[in-house]
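# Per-entry structural report
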Number of protein chains: 2
Amino acid sequence: MILTEGKTKHIECLEQMLPIRDALDVISGKWKMLILTSIMHGNRRFKEIETSIPKINPKVLSKELKDMEEHQLIKRIVHDEYPVLIEYIATDYSRTLKSVMMELHAWGVNHRKKILGQ
Amino acid sequence: MILTEGKTKHIECLEQMLPIRDALDVISGKWKMLILTSIMHGNRRFKEIETSIPKINPKVLSKELKDMEEHQLIKRIVHDEYPVLIEYIATDYSRTLKSVMMELHAWGVNHRKKILGQ
DNA sequence: GTAAGCAGTTACCTTAACGTAAGCGGTATG
DNA sequence: CATACCGCTTACGTTAAGGTAACTGCTTAC
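Per an unreviewed UniProt entry, chain A goes by the name Helix-turn-helix transcriptional regulator and belongs to Larkinella humicola.

This is the structure in structure tokens:
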């Protein structure tokens with residue numbers, strides 16, 4: 001029955017699309033995955049992160065860090081010392097993104113090769 | 001030597017980040033991966049693709065299809081028949097994105113579960 | 001010959017992302 | 001006591017992404 005097939009295909013297709021969009025909502029944008037990469041490489045302080053990412057500015061960094069904290073990808077820790085020290089660390093949950101990031105990285109390397117080869 | 005370590009870390013970190021950004025430049029945005037999913041599920045005609053993706057509008061679809069053709073993710077084929085028939089198909093190159101899409105999908109499914117469970 | 005489908009385009013508008021430059025309250029440094 | 005570092009924030013743009021509504025030229029269907 002063609003109608004049923006069509007409907008099934010349509011629903012299947014939607015079921016593929018919606019989670020992909022959910023994921024992209026969290027990771028897309030120019031900075032989030034770069035910030036997460038930086039933090040995962042051991043950068044913890046605001047300035048460290050800022051200087052590790054070319055061309056980012058403090059306003060954008062500040063906003064993205066807040067977003068990422070809301071999404072539970074990072075944790076902001078305030079140490080009550082003198083002077084006050086603030087650290088950003090990656091959460092366990094953010095580590096579930098590692099395979100996504102690895103795939104993105106691998107594809108990006110390949111893509112750059114392709115573009116330069118043209 | 002701490003200086004060397006720091007420098008190495010810094011460069012290593014950049015080498016992770018740049019390809020990730022290259023990849024995100026191609027796939028990010030609200031629609032591209034949804035369109036590719038739709039086409040990979042067998043939707044070929046403009047209207048088919050349009051109706052398969054909730055809330056997309058023809059202007060956006062048209063623009064994204066052009067972008068994706070430039071990036072060689074899809075091919076636009078014009079059949080010189082009566083009436084003229086136009087098809088969009090996924091390229092071999094777009095299939096290199098499949099593992100990225102699968103990771104995004106898997107993460108998205110998990111993320112939705114997490115959010116609903118809160 | 002009117003209506004409807006296809007594959008879009010056009011003009012216009014809103015929203016969100018991103019950027020620049022400067023500054024602020026705190027601490028520490030010469 | 002001036003200068004500078006830290007972790008930001010504020011005010012003020014600019015750019016790009018995305019949305020709405022209407023319309024076009026072509027074809028076929030009633």
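A few words now on the overall build of chain A. The helix and strand tally for chain A stands at six helices and two strands. In sequence order, the secondary structure elements of chain A are arranged as α-α-α-α-β-β-α-α. For a compact globule of 118 residues, the expected C-alpha radius of gyration is about 13 Å, and chain A comes in at 19 Å, more than 25% above that figure. Reported as C-alpha extents along the three principal axes, the dimensions of chain A are approximately 75 × 40 × 25 Å. When burial is assessed residue by residue, chain A has 39% of its 118 residues classed as buried.

Residue and element names in this part refer to chain A. In total, this model carries 14 salt bridges over all chains according to the counting rule given. The residue Glu87 makes a salt bridge to Arg44 at a minimum N-O spacing of 3.1 Å. Here Glu87, found in strand β2 (residues 85–90), pairs with Arg44, found in the loop between α2 (32–40) and α3 (46–52); they are 43 residues apart in sequence, far enough to count as distant. With relative accessibility at 14%, the residue Glu87 sits in the buried group. Relative accessible area serves as the criterion here: at 38%, Arg44 is assigned to the partly exposed category. Put simply, Lys63 and Asp67 hold a salt bridge, and the shortest N to O gap is 3.7 Å.

Moving on, we get to the UniProt feature "domain: HTH hxlR-type" (unreviewed entry) in chain A. Mapped onto this numbering, the UniProt entry gives "domain: HTH hxlR-type" (unreviewed entry) at residues 18–116 of chain A. Structurally, residues 18–116 of chain A is divided into 63% helix and 12% strand, and its ends, taken at the C-alpha atoms, are 33 Å apart.

This next bit is on the interface of chain A and chain B. At the junction of the two partners, chain A supplies 49 residues and chain B supplies 49 residues. Both faces combined, the contact of chain A with chain B buries some 4,800 Å², and carbon together with sulfur accounts for 65% of it. At the junction of chain A with chain B, the criterion picks out two salt bridges. B:Asp22 is the partner of A:Arg112 in a salt bridge, and the nearest nitrogen-oxygen pair spans 2.7 Å. Linking chain A with chain B are 16 residue pairs in polar contact (both at pLDDT 80 or more), by the criterion used here. Put simply, the parts of the chain that give the side of chain A that touches chain B at least two residues each are α1 (2–27), α2, α3 and α6 (98–116) of chain A. Looking at the side of chain A that touches chain B, the element that brings in the most residues is α1(A), giving 16 residues. Tallied by class, the residues present in the side of chain A that touches chain B amount to 21 nonpolar, 19 polar and nine charged.

The next subject is the packing of α6(A) against helix α6 (residues 98–116) of chain B. Taken N-terminus to C-terminus, the directions of α6(A) and α6(B) make an angle of 160 degrees; their axes are 9 Å apart at the nearest point. In terms of orientation, α6(A) and α6(B) fall into the roughly antiparallel class. Viewed along their axes, α6(A) and α6(B) form a crossing whose handedness is left-handed. Here A:Ser99, A:Val100, A:Glu103, A:Leu104 and A:Trp107 of α6(A) lie close against α6(B), whose contacting residues are B:Ser99, B:Val100, B:Glu103, B:Leu104 and B:Trp107.

Close to DNA strand C lie 20 residues, the nearest being A:Lys59, B:Arg45, B:Ser62, B:Arg76 and B:Tyr88. Near the protein, within 4 Å, the atoms of DNA strand C are sugar or phosphate in 65% of cases. Side-chain polar atom of B:Tyr88 to a phosphate oxygen of DNA strand C: 2.5 Å apart, as the coordinates give it. Among the secondary structure elements, those contributing two or more residues to the surface near DNA strand C are α4 (58–70) of chain A together with α3 (46–52), α4 (58–70) and β2 (85–90) of chain B. Residues of the surface near DNA strand C, tallied by class, amount to eight nonpolar, three polar and nine charged.

What counts as what
- Residues numbered from 1 in each chain as written.
- Chains lettered and ligands numbered in written order.
- Predicted model: local features only at pLDDT ≥ 70, side-chain atom pairs only at ≥ 80, totals over all residues.
- Heavy atoms only, no water.
- Helix = DSSP H or I, 4+ residues; strand = E, 2+ residues; numbered from the N terminus.
- Rg over C-alpha atoms; globule rule 2.2 N^0.38 Å.
- Buried < 20%, exposed > 50% of the residue type's maximum accessible area, 1.4 Å probe, protein only.
- Salt bridge = Lys/Arg side-chain N within 4 Å of Asp/Glu carboxyl O.
- UniProt positions renumbered as here; feature names shortened; annotations may be inferred.
- Contact = heavy atoms within 4.5 Å.
- Buried area = accessible area lost by both parts, 1.4 Å probe.
- Polar contact = N/O pair within 3.5 Å; in protein donor to acceptor, adjacent residues only side chain to side chain.
- Nonpolar A, V, L, I, M, F, W, Y, C, P; charged D, E, K, R; others polar.
- Axes fitted to C-alpha atoms, helices over the stretch in contact; angles between N-to-C directions.
- Parallel < 35°, antiparallel > 145°, perpendicular 65-115°, else oblique.
- Left-handed = near helix turned anticlockwise from the far one by under 90°.
- Near = heavy atom within 4 Å.

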